[in-house]
Amino acid sequence: GEDVEQSLFLSVREGDSSVINCTYTDSSSTYLYWYKQEPGAGLQLLTYIFSNMDMKQDQRLTVLLNKKDKHLSLRIADTQTGDSAIYFCAERGADTGRRALTFGSGTRLQVQP
Amino acid sequence: DVKVTQSSRYLVKRTGEKVFLECVQDMDHENMFWYRQDPGLGLRLIYFSYDVKMKEKGDIPEGYSVSREKKERFSLILESASTNQTSMYLCASGVGTTVVFFGQGTRLTVV
């Protein structure tokens, strides 16, 4: 079945850029998503990208998609302590019988002052 | 703003109890989902529903059932709670092939 993989942990200093990486196996993925989860909370949609795009920018967030390598990344510019959270990558395949997203296990971002 | 509301933030139940987790969305979304989140395992899909009274099993449906009698409400039922069902449960809703919005989560502890 579909699989989404992320590294478990990333530590950066405040003010630096963070890059969180994700790989997926489903070549028919239509949408790819990034969610943020703060402690004790549900998931908050940060941004998403359609599979025919290779980049999307939204303020401090830049999403890069390499469809050939099935690689997705989230870059956070000028990382702040409030960005400390778990970041989940997710994908939705083209199979209309499967309307749910497949999630990675999450990357914990720790921002050090 | 899309709102997905789960009825409880924290629940403590005894082994063998029947447990109901309720979720309501106010955006007339056709799709609703229940996920379970465990450390190191990410989110795993339990069940989803794409219409009233319609449901489909996800990856880990064993020990769970669901009910969708109205479009805005999707309930997750633990028929006989067990300690291995201690987890964070996340409800979500979405429309068509696009984005999915999550509730704040219910942390269930089965003792």
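Refer to the preceding data block for the structure.
For the structure given in this document, a descriptive report is provided here. Bear in mind the structure is a predicted one, so any value in this text is a computation, not a measurement.

## What about the environment of B:Lys18?
All names here are of chain B.
Next, step 1: One can find Lys18 in the loop between β2 (10–13) and β3 (19–21).
Next, step 2: Looking at Lys18, the relative accessible area reads 46%, which means it is partly exposed.
Next, step 3: Note: C-alpha distance between Lys18 and Leu78 (60 residues apart in sequence) is 5.6 Å.
Next, step 4: Look past the residues within four positions of Lys18 in its chain and what remains in contact with it is Ile77, Leu78 and Glu79.

## Observations concerning the side chain of B:Ser87
Residues and elements named next belong to chain B.
Next, step 1: Structurally, Ser87 can be placed in strand β10 (residues 87–94).
Next, step 2: We classify Ser87 as buried; its relative accessible area is 4%.
Next, step 3: A distance of 2.8 Å separates a polar atom in the side chain of Ser87 from a polar atom in the side chain of Asp38.
Next, step 4: Setting aside residues no more than four positions away along its own chain, Ser87 makes contact with Arg36, Gln37, Asp38, Thr106, Arg107 and Leu108.

## Considerations on the packing of aromatic side chains
Describing an aromatic ring pair means giving the distance of the ring centres and the angle of the ring planes.
Next, step 1: A full pass over the atoms with the stated rule returns 14 aromatic pairs over all chains.
Next, step 2: Both rings, one in A:Tyr35 and one in B:Phe102, keep their centres 5.3 Å apart while their planes meet at 85°; by these two values the pair is edge-to-face. In this pair, A:Tyr35 is assigned in strand β4 (residues 31–37) and B:Phe102 in strand β11 (residues 100–102), connecting two distinct chains. Like A:Tyr35, the residue B:Phe102 is buried in the burial classification.
Next, step 3: Their ring planes at 80° and their centres at 6.5 Å tell us that A:Phe88 and A:Phe103 sit as a pair that is edge-to-face. Residue A:Phe88 is found in strand β9 (residues 85–92), and its partner A:Phe103 is found in strand β10 (residues 102–103); the two are separated by 15 residues along the sequence. Note on accessibility: A:Phe88 and A:Phe103 belong to one class, buried.
Next, step 4: Aromatic ring contacts, followed pair by pair, group A:Tyr31, A:Tyr33, A:Tyr35, A:Tyr48, A:Phe50, A:Phe88, A:Phe103, B:Phe33, B:Tyr35, B:Phe48 and B:Phe102 into a single cluster.
Next, step 5: The ring of A:Tyr48 has A:Lys56 lying over it, and the distance from NZ or CZ to the ring centre is 4.4 Å.

## A word on the sheet that holds strand β3 (residues 18–24) of chain A
Where strands meet in a sheet, backbone hydrogen bonds hold them as pairs that are either parallel or antiparallel.
All names here are of chain A.
Next, step 1: Across the sheet, which stays open at both edges, the 5 strands sit in the order β1-β3-β8-β7-β6 with antiparallel pairing between neighbours. The open sheet has two edge strands with one neighbour each: β1 (4–6) and β6 (55–58). The average undirected angle you get between the axes of adjacent strands in this sheet is 15°.
Next, step 2: The sheet contact formed by β6 and strand β7 (residues 61–66) spans 4 bridges and is antiparallel. Bridge pairing in β7 places Lys56 opposite Val63.

## Quick word on the pattern of salt bridges
Next, step 1: Counting across every chain of the model gives 8 salt bridges over all chains.
Next, step 2: When the shortest N-O distance is used, the salt bridge between A:Lys36 and A:Glu38 registers 3.2 Å.
Next, step 3: Relative accessible area serves as the criterion here: at 10%, A:Lys36 is assigned to the buried category.
Next, step 4: Taken together, the shared-partner salt bridges in this structure form one network comprising B:Arg36, B:Asp38 and B:Arg44.

## What to know about the layout of surface pockets
Using a probe with the size of a water molecule, rolled over the atoms, empty space left in the structure can be pinpointed.
Next, step 1: If you add up the space inside the largest pocket, you get close to 480 Å³.
Next, step 2: Along the walls of the largest pocket sit 25 residues, with A:Gln37, A:Ile86, A:Arg108, B:Gln37 and B:Pro39 positioned nearest its centre.
Next, step 3: Looking at the lining of the largest pocket, the elements with two or more residues in it are β9 and β11 (107–112) of chain A together with β5 (31–38), β10 and β12 (106–110) of chain B.
Next, step 4: The element best represented in the lining of the largest pocket is β9(A), accounting for 3 residues.

## Overview of the interface of chain B and chain A
Next, step 1: Taken together, the 25 residues of chain B in the interface contact 20 residues of chain A.
Next, step 2: The junction of chain B with chain A conceals about 1,800 Å² of combined surface from both sides, 58% of it contributed by carbon and sulfur atoms.
Next, step 3: Summed over the shared surface of chain B and chain A, the result is 0 salt bridges.
Next, step 4: Inspection of the chain B/chain A interface yields 5 residue pairs in polar contact (both at pLDDT 80 or more).
Next, step 5: Counting residues per element, the ones that place at least two in the side of chain B that touches chain A are β5, β6 (42–51), β10 and β11 of chain B.
Next, step 6: Looking at the side of chain B that touches chain A, the element that brings in the most residues is β6(B), giving 5 residues.
Next, step 7: In the side of chain B that touches chain A, the residues fall into 13 nonpolar, 8 polar and 4 charged.

Each value, and the rule that gives it
Residues numbered from 1 in each chain as written. Chains lettered and ligands numbered in written order. Predicted model: local features only at pLDDT ≥ 70, side-chain atom pairs only at ≥ 80, totals over all residues. Heavy atoms only, no water. Helix = DSSP H or I, 4+ residues; strand = E, 2+ residues; numbered from the N terminus. Buried < 20%, exposed > 50% of the residue type's maximum accessible area, 1.4 Å probe, protein only. Contact = heavy atoms within 4.5 Å. Polar contact = N/O pair within 3.5 Å; in protein donor to acceptor, adjacent residues only side chain to side chain. Phe/Tyr/Trp six-rings, centres within 6.5 Å; stacked < 30°, edge-to-face > 60°. Lys NZ or Arg CZ within 6 Å of the ring centre and 35° of its normal. Pairing = 2+ DSSP bridges. Axes fitted to C-alpha atoms, helices over the stretch in contact; angles between N-to-C directions. Salt bridge = Lys/Arg side-chain N within 4 Å of Asp/Glu carboxyl O. 1 Å grid on protein atoms, 1.4 Å probe; cavity = no way out; pocket = protein on both sides within 12 Å on 5 of 7 lines; lining within 4 Å. Points joined across faces, edges and corners; volume = space filled by probe spheres on them. Buried area = accessible area lost by both parts, 1.4 Å probe. Nonpolar A, V, L, I, M, F, W, Y, C, P; charged D, E, K, R; others polar.

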